[in-house]
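Residues per chain, in single letters:
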Amino acid sequence: MVVDLPFLPSAVSRARAVVRQAGSHLPGPVVDDAELLASELVSNAVVHGAPDVRLTVTAHPDALDVGVRDGSSVLPRVSPGPASADAAHGRGLRIVQRLAQNWGVAPSASGNGKTVWFRLEAGPGSGPTARRAPATTDREGTP
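Residues numbered from 1 in each chain as written. Predicted model: local features only at pLDDT ≥ 70, side-chain atom pairs only at ≥ 80, totals over all residues. Heavy atoms only, no water.

**Some remarks on the side chain of Gln101**
1) Next: Secondary-structure assignment places Gln101 in the loop between α3 (92-99) and β4 (102-107).
2) Next: Within the structure, Gln101 has its side chain in polar contact with the backbone nitrogen of Glu121 (distance 2.7 Å). (Helix = DSSP H or I, 4+ residues; strand = E, 2+ residues; numbered from the N terminus. Polar contact = N/O pair within 3.5 Å; in protein donor to acceptor, adjacent residues only side chain to side chain.)

Structure below.
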């Protein structure tokens, strides 16, 4: 499922609805995590990225792949050190890193934009011990 989102904060709620629909066959906690992570990525795209924002959600029998593309070629990075208690930013990618089985950044082939993606899996092997380090791919889109 591919959805073009407005370059507005309201895009976050639309993204959550799309993820919830695409993952309706998965256990509730997996879908809740997918909604949270999609919210973080769309929010980052709107706050730190550039138009246009596109959400891609691919449902598998036991997983969801989610990608958020925006028009900025600036690659996001996990903030070093812990975010202060009153910081407004700096937690999003840490949350993605903690909850997703895999995630990464794929710069667009044209050099104009990037996709930040993650995979959430249900069932055996989906706990925190199955988490892997982020991967940067050399192709546009989700893994």
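**Some points on α3**
1) Next: Burial in α3 covers these residues: Gly92, Leu93, Val96 and Leu99. Viewed end-on, α3 has its buried residues packed into an arc of 135°, placing them on one side of the element. (Buried < 20%, exposed > 50% of the residue type's maximum accessible area, 1.4 Å probe, protein only. Arc of directions from axis to C-beta.)

**Concerning the pattern of salt bridges**
1) Next: Inspection of every chain in the model, using the stated rule, returns six salt bridges.
2) Next: Its salt-bridge partner being Asp4, residue Arg54 comes within 2.7 Å of it at the nearest N-O pair. With Arg54 in strand β2 (residues 53-60) and Asp4 in strand β1 (residues 2-5), this residue pair connects regions lying 50 residues apart in the sequence.
3) Next: Asp4 gets classed as exposed once you look at its relative accessible area, which sits at 52%.
4) Next: What emerges from the salt-bridge pattern is a single network uniting Arg20, Asp32 and Glu35. (Salt bridge = Lys/Arg side-chain N within 4 Å of Asp/Glu carboxyl O.)

**Regarding the nonpolar core**
1) Next: With 34 residues, the main nonpolar core has Leu5, Val42, Leu55, Val57, Trp103 and Phe118 as its most contacted residues.
2) Next: Those elements that provide at least two residues to this core are β1, α1 (11-22), α2 (28-48), β2, β3 (63-70), α3, β4 and β5 (114-121).
3) Next: The element best represented in this core is α2, accounting for nine residues.
4) Next: Once residues lying within four places of it in the same chain are set aside, the contact partners of Leu5 are Ala11, Arg14, Ala15, Val42, Val53 and Leu55. (Core = buried A, V, L, I, M, F, W, Y, C linked by side-chain atoms within 4.5 Å. Contact = heavy atoms within 4.5 Å.)

**Focus on α1**
1) Next: Across its twelve residues, α1 extends 17 Å between first and last C-alpha, which sits within 8% of the 16 Å expected from 1.5 Å per residue.
2) Next: Along α1, the residues classified as buried are Ala11, Val12, Ala15, Val18, Val19 and Ala22. One side of α1 holds all its buried residues, which, seen down the axis, span an arc of 125°.
3) Next: Contacts made by the buried residues of α1 are with β1, α2, β2 and β3. (Expected span 1.5 Å × (residues − 1).)

**Observations concerning the pairing of β1**
1) Next: Burial along β1 is one-sided: the face carrying Val3 and Leu5 is buried and the face carrying Val2 and Asp4 is not.
2) Next: Examined bridge by bridge, β1 and β2 share four bridges and lie antiparallel to one another. Paired with Val3 across the bridge in β2 is Leu55. (Pairing = 2+ DSSP bridges.)

Nothing here speaks to function; it is geometry throughout.
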